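Summary of structural features
So you can see what is in the structure, the chains are spelled out below.
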Amino acid sequence: DLLGTNAENMIKAVQDGAATLYHNNVAKIATAATGVTITGGITGVTALNGGQLGGRRNILYNGAMNLAQRSASVTGLGAVSGYFTLDRWQIGIGAASAGRFTMAQVADGPPGFANCIQLSCTTADTSIAAGEILALTQYLEGQDLQQIKKGTASAEQLTISFWVKGNASATYVFELYDGDNTRQISKTFAVTTSWAKITLTYPADTTGAFDDDNASSLYCVFHLHAGSTYTSGTLNSTAWAASVQANRAAGISSFFDATSRTFFITGVQMELGATGTEFEYRTYGDELALCQRYFERIGGDTTFTYLSDGYMHTTTIGRSTMPYQIEKRTIPTGTFTAASNFGVLKGSGNVVPSAVSALALNRNSALLSWTLAASTLGEGINLRTASTAAYVDIDAEL
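Keep in mind that this is a model prediction, so the values were computed, not measured.

All buried positions along helix H2 (residues 284-292) are accounted for by Glu287, Cys291 and Gln292. Taken down its axis, H2 places every buried residue within 130° of arc, on the same side. Here the buried face of H2 lies against strand E18 (295-299).

This is the structure we're talking about:
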């Protein structure tokens, strides 16, 4: 307490709207028209970093692994790249590999985290071809990265933190890859059988600005398995540089080395600066809305979900408009489950369509078309799901 009972605590001078506060005759706080200068640390503030500091510090999405619109678990992965379970987390596959695995959202994590991604090897691959790769990746839009100031003299450092564990000790790589300028930097991290928090800080890059658009600019990549194309060089870990494939994942273990191999991860956060702060928790609703900009599943949760109202455009073809919950990043694609899973409700009752498709899509809604047996031209009808197996996937992923 600088203004306690100690007689040596005093304000020495006040003039021109400025003041200096002294403790034991040592200047501690000086105020002036230009601001406040504090000399020395502030003690007694025990909770400053004991919880979340502000909001929207985490540049990444779904870091607590709470959202899985597509599926909670998918088996037999490893042949192709794609989004399979948890939102925004893509599996990247290089050249064909014999390795296969299951990706799942599981109820496990260190204190404060209810869910994580679990990857479980089901088919090993110990004969690794040069071009093989297995990566867990999140792509970020350039227009959401301008605060990094990349490519300028004011470029910012980035710190990523996350919790990991596995079935045995292993070494993997986290890479930042600038897709706009083909520059990258990678750092290794260790996995043990217990949950451990990893914090990695990456230097600023004054070369190559991110594009200010809605396309992929920064790839955040967890390398878990790779062939010599990506591992035969020297890991580029100290400064951003033009990408050399052989240097991107040098020194990693192989996730496919045995069918017992597992990899768990949660609490993933990337933020500006050289220090990792406490994890930024978002509500489920906030995270859902952020992720629905890229992907939205409509239906699939209850037996009867009403999708859209419409009319009979001809005696056999109906039309209706289906709005999305969130405007999409770009014009999406629409994928429907089997038409037999849907129903069309009209005056004569429920009718099963023989076909359902998206005639046209924009960033806010889709114009649907369906085919029925002969109906009355202009008749008002409603398209709905007829089972939990009926849904529409609206996809605008990077």
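Next up on the list: the pattern of salt bridges. In this structure the tally under the stated criterion is 16 salt bridges. Across the pair Asp205 and Arg183 runs a salt bridge, and its minimum N-O distance is 2.9 Å. With Asp205 in the loop between strand E14 (196-202) and strand E15 (216-226) and Arg183 in strand E13 (residues 183-191), the pair connects residues that are 22 residues apart, well separated along the chain. The structure contains a network of salt bridges with shared partners spanning Lys150, Asp178, Arg183 and Asp205.

Before going further, it helps to spend a moment on a nonpolar patch on the surface. The grouping of Phe304, Tyr306 and Leu345 at the surface amounts to a nonpolar patch, some 290 Å² of accessible area in total. By the element assignment, Leu345 lies in strand E22 (residues 342-346). You can call Leu345 partly exposed: its relative accessible area is 30%.

So, about the environment of Leu307. The topology assignment puts Leu307 in strand E19 (residues 306-312). With a relative accessible area of 7%, Leu307 lands in the buried category. In contact with Leu307, other than residues within four places in its own chain, are Ile298, Met322, Pro323, Phe342, Leu383, Arg384, Thr385 and Val392.

To continue, consider the sheet that holds strand E17 (residues 262-272). Read across the open sheet, the 6 strands follow the order E5-E8-E9-E17-E11-E14; overall the sheet is antiparallel. At either margin of the open sheet sits one strand with a lone partner, and together these are strand E5 (73-77) and E14. For this sheet, the mean inter-axis angle between neighbouring strands, taken without regard to orientation, is 25°. Where strand E8 (residues 100-106) and strand E9 (residues 116-123) come together, 7 bridges link them in antiparallel fashion. Bridge pairing in E9 places Gln105 opposite Ile117.

The next subject is the pairing of strand E11 (residues 158-166). Within E11, 8 of the 9 residues are buried, which leaves the element mostly enclosed by the surrounding structure. Pairing of E11 with E14 involves 7 bridges; the strand directions are antiparallel. The residue bridging Ser161 from the neighbouring strand is Thr199, located in E14. Taken together, the 8 bridges between E11 and E17 define a ladder with antiparallel strand orientation.

Taking strand neighbours across the sheet as the criterion, the 3 strands line up as E18-E27-E21 in an open arrangement whose pairing is antiparallel. Because the sheet does not close on itself, it has two edges, and the strands there are E18 and strand E21 (333-336). Within this sheet the neighbouring strands show an average axis-to-axis angle of 15°, counted without direction. Note that E18 and strand E27 (residues 391-395) share 5 bridges and pair antiparallel. Of the residues in E27, the one forming a bridge with Phe295 is Asp395.

Moving on, we come to the packing of aromatic side chains. Scanning the entire structure with this criterion turns up 20 aromatic pairs. Taking 6.5 Å as the distance between ring centres and 45° as the angle between the ring planes, the aromatic pair formed by Phe162 and Phe174 counts as tilted. Taken as a pair, Phe162 in strand E11 and Phe174 in strand E12 (residues 170-178) lie far apart in primary sequence, 12 residues in all. The two residues Phe162 and Phe174 agree in class, both being buried. Taken together, the ring pairs connect Trp89, Phe162, Tyr172, Phe174, Phe189, Tyr202, Phe222 and Phe263 into an aromatic cluster. When the ring centre of Phe295 is taken as origin, the NZ or CZ atom of Arg70, which lies over that ring, is 3.7 Å away.

Looking now at the side chain of Glu132. The topology assignment puts Glu132 in the loop between E9 and strand E10 (133-141). There is no salt bridge for the buried Glu132, and the closest opposite charge comes from Arg100, which lies 8.4 Å off by N-O distance. In terms of polar contacts, Glu132 uses its side chain to reach the side chain of His225, at 2.7 Å. If we skip the residues at most four places from it in the chain, Glu132 touches Ala95, Ala96, Ser97, Asp125, Ser127, His225, Ala226, Gly227 and Tyr230.

Basis of the calculations
- Residues numbered from 1 in each chain as written.
- Predicted model: local features only at pLDDT ≥ 70, side-chain atom pairs only at ≥ 80, totals over all residues.
- Heavy atoms only, no water.
- Buried < 20%, exposed > 50% of the residue type's maximum accessible area, 1.4 Å probe, protein only.
- Helix = DSSP H or I, 4+ residues; strand = E, 2+ residues; numbered from the N terminus.
- Arc of directions from axis to C-beta.
- Contact = heavy atoms within 4.5 Å.
- Salt bridge = Lys/Arg side-chain N within 4 Å of Asp/Glu carboxyl O.
- Patch = residues over 30% accessible without salt bridge, like charges linked within 9 Å, V, L, I, M, F, W, Y side chains within 5 Å.
- Areas by Shrake-Rupley, 256 points an atom, 1.4 Å probe, with all protein chains shown as cover.
- Pairing = 2+ DSSP bridges.
- Axes fitted to C-alpha atoms, helices over the stretch in contact; angles between N-to-C directions.
- Phe/Tyr/Trp six-rings, centres within 6.5 Å; stacked < 30°, edge-to-face > 60°.
- Lys NZ or Arg CZ within 6 Å of the ring centre and 35° of its normal.
- Lys, Arg positive; Asp, Glu negative; His and termini not counted.
- Polar contact = N/O pair within 3.5 Å; in protein donor to acceptor, adjacent residues only side chain to side chain.

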